[in-house]
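Geometric and topological summary
This is what each chain is made of:
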Amino acid sequence: MLDVLTLLKAMAAALQSSKPLEWASIAPVIGVRFQGVRPVGRSGSASAIESGTLIDGDRPVDGIVFQSPPRRISLLFPDSTLSDPEISSRQFAPQQRIVPSQTTGGYAIAFNIGEIECAVLASEPGHLIDGLTASEPRRESGRASPST
């Protein structure tokens, strides 16, 4: 079974670098092989891997990196690639929460690794892992607090 927490910790570590997010430098840190990268989004603000696989277990994976604040790394798994019947009861961090999906019967297990916001995305029978995401915290852009 894939160690989801170890993979999320590697994704969080990649985000903490001050360098721009590039698959060529991120992939070895998180353990992904890929055939190529293509820009996605407006003005190339994101990039996606093509024909990706996780080195640990040779599982297929799609990945997207978002450059604009907050920066984010997402790994998405094809249907039935990762299954963990106990995923909804796993403890990833001392404080975590289950967030129901607004569009499907699935949910996210949300928690922080340091300041990095992480989530394990699970689909409706509850044991299929659809994806993992790690993102920088959202920051207010120069707004004064109400108490000032």
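What you are looking at is a predicted structure, and each value in this text was computed from that prediction instead of being measured.

With that settled, the discussion passes to the environment of Gln-16. By the secondary structure assignment, Gln-16 is in the loop between helix H1 (4–15) and helix H2 (23–30). Note: C-alpha distance between Gln-16 and Gln-35 (19 residues apart in sequence) is 25 Å.

A few words now on the packing of H1 against H2. Packing of H1 against H2 brings their axes to within 9 Å, and their N-to-C directions diverge by 150 degrees. In this structure, H1 crosses over H2, and the sense of that crossing is right-handed. Residues Leu-7, Ala-10, Met-11 and Ala-14 of H1 touch H2, and the partners they reach there are Ile-26, Val-29 and Ile-30. Grouping the amino acids of the contact of H1 with H2 by side-chain chemistry returns seven nonpolar, no polar and no charged.

Under the definition given, this model contains one aromatic pair. Each ring, one from Phe-92 and one from Phe-111, has its centre 5.3 Å from the other, and the planes form 5 degrees; the classification is stacked. In this pair, Phe-92 is assigned in the loop between strand E6 (72–76) and strand E7 (96–100) and Phe-111 in strand E8 (residues 107–113), connecting sequence segments 19 residues apart. Its relative accessible area of 7% is what places Phe-92 among the buried residues. By relative accessible area, Phe-111 is classed as buried at 2%.

Before going further, it helps to spend a moment on the pairing of strand E5 (residues 59–66). Of the two faces of E5, the one holding Arg-59, Val-61, Gly-63 and Val-65 is buried and the one holding Pro-60, Asp-62, Ile-64 and Phe-66 is not buried anywhere. One ladder, built from three bridges, connects strand E4 (residues 52–54) with E5; its direction is antiparallel. Opposite Leu-54, over in E5, you have Arg-59 as the bridge partner. Count of turn residues in the E4/E5 antiparallel hairpin: four residues, of which Gly-57 carries a positive phi of about 95 degrees. Bridge count for E5 against E6 is five bridges, and the pairing is antiparallel. Looking at E6, one finds that Ile-64 is bridged to Ser-74. In this structure, the hairpin formed by E5 and E6 is closed by a connection of five residues.

A few words on the confidence of the model for the protein. In the predicted model, the protein carries a mean pLDDT of 86, and 91% of its residues have values of at least 70. Contacts of residues 142–148 to residues separated by more than four positions or lying in other chains number zero contacts, the stretch itself having pLDDT below 50.

Cut-off values and rules
Residues numbered from 1 in each chain as written. Predicted model: local features only at pLDDT ≥ 70, side-chain atom pairs only at ≥ 80, totals over all residues. Heavy atoms only, no water. Helix = DSSP H or I, 4+ residues; strand = E, 2+ residues; numbered from the N terminus. Axes fitted to C-alpha atoms, helices over the stretch in contact; angles between N-to-C directions. Left-handed = near helix turned anticlockwise from the far one by under 90°. Contact = heavy atoms within 4.5 Å. Nonpolar A, V, L, I, M, F, W, Y, C, P; charged D, E, K, R; others polar. Phe/Tyr/Trp six-rings, centres within 6.5 Å; stacked < 30°, edge-to-face > 60°. Buried < 20%, exposed > 50% of the residue type's maximum accessible area, 1.4 Å probe, protein only. Pairing = 2+ DSSP bridges. pLDDT = per-residue confidence, 0-100.

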